[in-house]
Structure formats: structure tokens, C-alpha cells
Amino acid sequence: MSINRTTPLRVAVLASGRGSNLQAVIDAIEAGQAQAQIVAVISNKKDAVALERARKHGLTDIFVDPKPFVGRPDSRDAYDRALLEILQQHEVELVLLAGYMKIVTAVLVNTYANRMMNIHPSLLPSFPGLDVQKKAIDWGCKLAGCTVHFVTEGVDEGPIIIQAAVPVLDDDTPETLAARILVQEHKIYPRAVQLFAEGSLRVDGRRVFIDGAKPEREEIISAS
Ligand code: GAR
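All residue numbers here refer to positions counted from 1 along the written sequence of the relevant chain. Per-residue local features of the predicted model are confined to residues with pLDDT of at least 70, and side-chain atom pairs are confined, for both listing and counting, to 80 or more; whole-chain, interface and lining totals are unaffected and use all residues. The basis for every side-chain value is the complete set of heavy atoms in the structure, and neither hydrogens nor water enter the calculation.

Participant: Hey, could you run me through the overall build of the protein in this one?
Facilitator: Looking only at helices and strands, the protein features 7 helices and 9 strands. Here the C-alpha coordinates of the protein stretch approximately 45 × 45 × 35 Å along the principal axes. Relative accessibility decides the category of a residue: with a 1.4 Å probe and only protein chains considered, values under 20% of the type maximum give buried, values over 50% give exposed, and everything between is partly exposed. When the 224 residues of the protein are sorted by exposure, 49% land in the buried category. Residue contacts are counted whenever heavy atoms from the two residues lie within 4.5 Å of one another. Taking as baseline every contact in the protein between residues at least 6 positions apart, the subset at least 24 positions apart corresponds to 64%. Residue burial considers only the protein chains on display, and all accessible areas are found by Shrake-Rupley using a 1.4 Å probe. Approximately 11100 Å² of the protein is accessible, and the part contributed by carbon and sulfur atoms is 53%. Residues counted as positive are Lys and Arg, residues counted as negative are Asp and Glu, and His and the chain ends are not counted. Lys charges are placed at NZ, Arg charges at CZ, Asp charges at CG and Glu charges at CD. Looking at the protein, you have 25 positive and 28 negative side-chain charges, and the mean spots of the two groups are 2 Å apart. Put simply, DSSP marks the helices as runs of H or I at least four residues long and the strands as runs of E at least two long, and each gets a number from the N terminus on.

The structure is reproduced here in C-alpha cells:
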């Protein structure tokens, strides 16, 4: 059952790098394609391009330095507790991991169960982890793609929300394949945000159902 929100969904984005997925979500919001507002962009890297993009759009950018936490026995949990405090201060309803290259702990995952998404450049459950475009080529895959999924404690394991597939071409390099996949990432991540914002996502165990699927959704799911 979809809902009509009276206020935009409050979203935080966690990013470590260039932030092109962050940019895609910003652009979708600014174009009225996602009923959401980004209330904080948070990074574990001071010089992340994602933070620059946030500032350019007048969004709150926050660097949370991991250094003070290093060496503590509970360093990962403590870091995530610091993040959680920020998320709660900003009354965040949905957290997006967008090229966030740090494993999130139960501290965040449990608080934001089914309210934290990640984008990953493979057709999960194939190729979790790193260097996945190269792995898809080396394996001889004919299709590759990307996945938006809810985040659970297992890395790249949570319930799948949307996937998009692209062909693997004979002359693909990891870079050319990554670029083709990225085009699809920029479509499906904002779409997943809007589906969440309108209350169209229903999670049942490992399966995520999209209520009232419309033709354009089918198009995204099978994008080539
Ligand atoms: C994206 O391709 C995203 O799917 C990937 O990092 C890139 C970040 O790019 N994420 C992962 O591999 C997570 N396992 P961006 O900073 O331009 O959005």
C-alpha cells in the first residue's frame, strides 16, 4: 500500500569516495523524482568528493574521523555509535550507503533494519566484495549489473530491492564494464529511494515486494 507523505523522507548518505551515486540521488530529488531530502552526507574520508558535492548543493556535510577510534577493542562499534548519534540528531529515516567503504556493524544495522540500503556493482548474490567487475569478466559472465539491497550484518547479503543487468562485451575491461554498470546504478538507486519514500517496499524474509508495480518499474528492473 503506497503512502502520500506530507513531508519528504529524511535521508542520510554515507559515502567514502567520488559520490556519483550521491549525485544521482541529489539530482533525482531536485528533479522531483524522489520525495526525499538529504539531511546529512557523512564520510569517513575528509577529502571525499562526496562531501564536496554535498556542500555544492547546500547540504550538511560531516566528516567523522576514524582515527580517534583506532586501537580501541570496540573501535568499529564505537565509530558506528558516533554515526548513530548523528543520524538520530538529524532524525534520519533512511540511510544510504553509496560507495561507503567501511563495514557497518550491528549498532547501525539493527537500529536501521530495513531502513538502510546499499548499492553494489554486481548482480548479487554473485560477486560480493571488491573488484567485482573484473571478477564477472574473468568468470566469463554474459550479464553483469548492479543491486540495491537492504543492509544486514553480512556484507552484500541483505534482501534485494532492485537489480539492473547489462551485457558483458567481449572487449570489456573492468573499467568499461564498471562505467556501463554505473549508468544503471544511477537509475536504480534514486528509484529505490522513491519506492521507499512512497511506502511501496514490503519485506518478507529475504524477499522485497514492490507494491503496485507500474510498467516503468519493469523497465528499470530489466534495464540493458
Ligand atoms: C559504486 O560503483 C558502488 O556500487 C560501489 O562503489 C562505487 C561508488 O561510486 N560500491 C561497492 O562496491 C560497495 N560494495 P560512487 O562513489 O561514485 O557512488
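Moving on, there is more to tell.
Participant: Explain the site of the ligand here, please?
Facilitator: Residues in contact with the ligand, as listed here, are Arg 18, Gly 19, Ser 20, Asn 21, Gly 99, Met 101, Ile 119, His 120, Pro 121, Asp 156, Leu 182 and Glu 185. For the purposes of these results, a polar contact is taken to be a pair of N or O atoms within 3.5 Å, where, inside protein, one atom must be able to donate a hydrogen and its partner to accept one; residues adjacent in sequence count only when each atom of the pair is a side-chain atom. For the ligand, an oxygen atom lies 2.5 Å from a polar atom in the side chain of Arg 18. For the ligand, whose free accessible area comes to 440 Å², the fraction covered by protein is 88%. For the shell around the ligand, the secondary structure elements donating two or more residues are helix H1 (20–30), strand S5 (116–120) and helix H6 (174–197). In the shell around the ligand, the residues fall into 4 nonpolar, 5 polar and 3 charged. Neighbouring residues are identified by heavy atoms, a residue being near a molecule or strand if any of them is within 4 Å of it. For this scheme, ten residues count as nonpolar: Ala, Val, Leu, Ile, Met, Phe, Trp, Tyr, Cys and Pro. Four count as charged, namely Asp, Glu, Lys and Arg, and the remainder, Gly too, count as polar.

Participant: Before we go on, may I ask you to explain the pattern of salt bridges in this structure?
Facilitator: Between side chains of opposite charge, pairing is possible as soon as their charged atoms come close. Throughout this description, the term salt bridge denotes a Lys or Arg side-chain nitrogen within 4 Å of a carboxyl oxygen of Asp or Glu. Overall, the coordinates contain 7 salt bridges when judged by the stated rule. Residue Arg 81 is joined to Asp 74 by a salt bridge in which the shortest nitrogen-to-oxygen separation is 2.9 Å. Arg 81 sits in the partly exposed class, given a relative accessible area of 40%. Asp 74 gets classed as partly exposed once you look at its relative accessible area, which sits at 27%.

Participant: Sorry if this is basic, but what is going on with helix H5 (residues 132–139) here?
Facilitator: Residues separated by three or four positions in an α-helix point in the same direction, a consequence of the helix having 3.6 residues per turn. Along H5, the residues that are buried comprise Val 132, Gln 133 and Ala 136. Relative to the axis of H5, the buried residues are bounded by an arc of 105° and lie together on one face. Check the buried side of H5 and you find it contacts S5, strand S6 (143–150) and H6. Downstream of H5 by a residue or two, Gly 140 has a phi angle that is positive, lying close to 90°. Picture the helix axis, draw a direction to every C-beta atom, and the arc is the one those directions span.

Participant: Would you mind showing me how to read the packing of aromatic side chains here?
Facilitator: Both the distance between ring centres and the angle between the ring planes are used here to describe each pair of aromatic rings. Between rings of Phe, Tyr and Trp, where Trp is taken as its six-membered ring, a pair exists when centres lie within 6.5 Å; planes separated by under 30 degrees are stacked, by over 60 edge-to-face, and by other angles tilted. A complete count under the given rule lists 1 aromatic pair for this structure. Here the aromatic rings of Phe 69 and Tyr 79 are separated by 5.3 Å at their centres, their planes lie at 85°, and the arrangement is edge-to-face. Taken together, the residues span a long stretch of sequence, with Phe 69 in the loop between strand S3 (61–63) and helix H3 (75–89) and Tyr 79 in helix H3 at a distance of 10 residues. For Phe 69, a relative accessible area of 14% puts it in the buried group. Here, over-ring charges are defined by two tests on the NZ atom of lysine or the CZ atom of arginine: distance to the ring centre within 6 Å, and angle to the ring normal within 35 degrees. The positively charged end of Lys 102 is found above the aromatic ring belonging to Tyr 79, 4.1 Å away from the centroid.

Participant: What should I look at first to understand H6 in this one?
Facilitator: Compared with the 34 Å implied by 1.5 Å per residue over 24 residues, the 34 Å span of H6 between its first and last C-alpha is a close match. Phi for Gly 199, located one or two positions after H6, is positive at around 75°. Working rule for helices: expected span equals 1.5 Å times residues minus one.

Participant: Is there a simple way to think about the side chain of Asp 80 in this case?
Facilitator: Position of Asp 80 among the secondary structure elements: in helix H3. Notably, Asp 80 is buried but unbridged: the nearest opposite-charge side chain belongs to Lys 102, and the N-O separation is 5.4 Å. One polar contact links the side chain of Asp 80 to the main-chain amide nitrogen of Thr 105, over a distance of 2.7 Å. Ignoring any residue separated from it by four or fewer positions in sequence, one finds Asp 80 in contact with Ile 103, Val 104, Thr 105, Val 107 and Leu 108.

Participant: How should the nonpolar core be read in this particular structure?
Facilitator: Soluble globular proteins tend to bury their nonpolar side chains together. Throughout this description, the term nonpolar core refers to a set of buried Ala, Val, Leu, Ile, Met, Phe, Trp, Tyr and Cys residues connected via side-chain atoms within 4.5 Å. Of all hydrophobic cores here, the largest spans 47 residues; its most connected members are Ile 38, Leu 96, Met 117 and Ile 161. Ranked by residue count, the leading element in this core is H6, at 9 residues. Not counting the four nearest positions on each side in its chain, Ile 38 is found in contact with Val 11, Val 13, Leu 22, Val 25, Ile 26, Ile 29 and Leu 59. One finds Ala 12, Ala 40, Val 95 and Met 116 within the second-largest nonpolar core, a separate group that totals 25 residues.

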